[in-house]
Amino acid sequence: MAASAHVSKVRSLYKRILVLHRFLPIDLRALGDQYVKDEFRRNKVASSEEVKSFMTEWEKYKDTLQTQVLQSAGKPLSSVKFGADLSEGKLSNFQDDQIGQLYELMLESTKSSRQFDIQEDSK
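Quantities reported herein were computed from a predicted structural model and do not represent experimental measurements.

Quick notes on the rules
- Residues numbered from 1 in each chain as written.
- Predicted model: local features only at pLDDT ≥ 70, side-chain atom pairs only at ≥ 80, totals over all residues.
- Heavy atoms only, no water.
- 1 Å grid on protein atoms, 1.4 Å probe; cavity = no way out; pocket = protein on both sides within 12 Å on 5 of 7 lines; lining within 4 Å.
- Points joined across faces, edges and corners; volume = space filled by probe spheres on them.
- Helix = DSSP H or I, 4+ residues; strand = E, 2+ residues; numbered from the N terminus.
- Nonpolar A, V, L, I, M, F, W, Y, C, P; charged D, E, K, R; others polar.
- Axes fitted to C-alpha atoms, helices over the stretch in contact; angles between N-to-C directions.
- Parallel < 35°, antiparallel > 145°, perpendicular 65-115°, else oblique.
- Left-handed = near helix turned anticlockwise from the far one by under 90°.
- Contact = heavy atoms within 4.5 Å.

### Quick look at the layout of surface pockets
- Of the pockets and cavities examined, the largest pocket occupies roughly 1900 Å³.
- Lining the largest pocket are 44 residues, and of these Tyr 35, Leu 86, Phe 94, Leu 102 and Leu 105 lie nearest its centre.
- Secondary-structure elements contributing two or more residues to the lining of the largest pocket are helix H2 (26-42), helix H3 (48-72) and helix H5 (96-110).
- Sorting elements by how many residues they give to the lining of the largest pocket places H3 first, with eleven residues.
- Grouping the constituent residues of the lining of the largest pocket by class yields 19 nonpolar, 14 polar and eleven charged.
- What the second largest pocket holds in volume is close to 340 Å³.
- Around the second largest pocket sit 14 residues that line it, and Val 10, Arg 11, Phe 40, Arg 41 and Lys 44 are the ones nearest its centre.
- Of all elements in the fold, only helix H1 (2-21), H2 and H3 reach the threshold of two or more residues within the lining of the second largest pocket.
- For the lining of the second largest pocket, the element with the most residues is H1, which contributes five residues.
- Residues belonging to the lining of the second largest pocket are distributed by class as follows: eight nonpolar, two polar and four charged.

Structure representation (structure tokens):
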């Protein structure tokens, strides 16, 4: 029973993050959605200690993004800054592959010509 409760909690967090991404600029949404999907898939077989850390950090991300989305209500997306700086202390806890992922994510999200050329549907 505990396993199904855990799966439900993970699935709920995953879905909530994807809903919050709907409020991001379209190119950041595409990048964020893909990153979230990859990370949640990659961590399906993590140890219980890794799962606890994983869930804690993604809960913090969800809370931060939710706060930023609410604060940005009614403002043009171009004037809103999403995200947060990482402290040196937090960075020192990352593994080498995580630092590499973070660097690649930073490069992609700050490119002047983004990889994604997505346009919103005009309905």
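Resuming the write-up.
### Quick look at the packing of H2 against H5
- Direction vectors running N to C along H2 and H5 enclose 165°, while the axes themselves pass 11 Å from each other. Relative to H5, H2 is oriented roughly antiparallel. For the pair H2 and H5, the crossing hand works out as right-handed. Touching Leu 28, Leu 31, Tyr 35, Glu 39 and Arg 42 of H2 are Gln 101, Leu 105, Glu 108 and Ser 109, all from H5.
- The residue inventory of the contact of H2 with H5, partitioned by class, reads four nonpolar, two polar and three charged.

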